[in-house]
Amino acid sequence: EAKAEESGAAVAFTLPLAIQKYPHISLRNDNKTIGVFDSELESLARAMFTIMYDTEGVGLAAPQVGVNYRMMVYNEAGEPGRGKDVVL
């Protein structure tokens, strides 16, 4: 199992995303390493930016929307078209 964690996984998620509030289990679960960088990952990033901007945020981690992967998006300006969209 340690080898699978080191190599990473393809993301799996369901739309629409929704902000999860404490004490939701996804905020306490272990988060997987991403190892496959494909169109699904790009779709997840786009969906995360949409919900981040809709809720007037500047950053959002995948577990905050119920997706337990080590990923986050942010834009210090907090507005689409301003600042820079960053995916980590």
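Residues numbered from 1 in each chain as written. Predicted model: local features only at pLDDT ≥ 70, side-chain atom pairs only at ≥ 80, totals over all residues. Heavy atoms only, no water.

Undergrad: Explain the sheet that holds strand 2 (residues 72-74) residue by residue, including any values.
TA: Hydrogen bonds between backbone atoms are what pair the strands of a sheet, whose relative direction is either parallel or antiparallel. Pairing is antiparallel in the open sheet, where 3 strands are placed in the order 1-2-3. Single-partner strands in this sheet number two, and they are strand 1 (59-61) and strand 3 (86-87). By the bridge criterion, 2 bridges tie strand 2 to strand 3 in an arrangement that is antiparallel. Considered in strand 3, the bridge of Val73 is made with Val87. On the sheet, helix 2 (residues 39-54) packs against strand 1, strand 2 and strand 3 and is oriented at approximately 50° with respect to strand 2. (Pairing = 2+ DSSP bridges. Helix = DSSP H or I, 4+ residues; strand = E, 2+ residues; numbered from the N terminus. Contact = heavy atoms within 4.5 Å. Axes fitted to C-alpha atoms, helices over the stretch in contact; angles between N-to-C directions.)

Undergrad: Which residues make up the side chain of Asn68, and what values go with them?
TA: For Asn68, the location among the structural elements is in the loop between strand 1 and strand 2. Polar contacts involving the side chain of Asn68 include one to the main-chain carbonyl oxygen of Ser26, which spans 2.8 Å. Apart from residues lying up to four places away in sequence, Asn68 is in contact with Ser26, Asn29, Asp30, Asn31, Lys32 and Pro63. (Polar contact = N/O pair within 3.5 Å; in protein donor to acceptor, adjacent residues only side chain to side chain.)

Undergrad: Which residues make up the side chain of Asn75, and what values do they have?
TA: For Asn75, the location among the structural elements is in the loop between strand 2 and strand 3. Since its relative accessible area comes to 0%, Asn75 is described here as buried. In terms of polar contacts, Asn75 uses its side chain to reach the side chain of Tyr53, at 2.9 Å. If we ignore the near neighbours within four places in the chain, the residues touching Asn75 are Met52, Tyr53, Val58, Arg82, Gly83, Lys84 and Asp85. (Buried < 20%, exposed > 50% of the residue type's maximum accessible area, 1.4 Å probe, protein only.)

Undergrad: Before we move on, could you go through helix 2 and cite the residues and values that matter?
TA: With 16 residues, helix 2 should cover 22 Å at 1.5 Å per step; its first-to-last C-alpha distance of 22 Å lies within 8% of that length. Within the sequence span of helix 2, burial applies to Leu41, Leu44, Ala45, Ala47, Met48, Phe49, Ile51, Met52 and Tyr53. If you follow the buried residues of helix 2, they end up packed against strand 1, strand 2 and strand 3. A positive phi of about 60° marks Glu56, the residue just after helix 2. (Expected span 1.5 Å × (residues − 1).)

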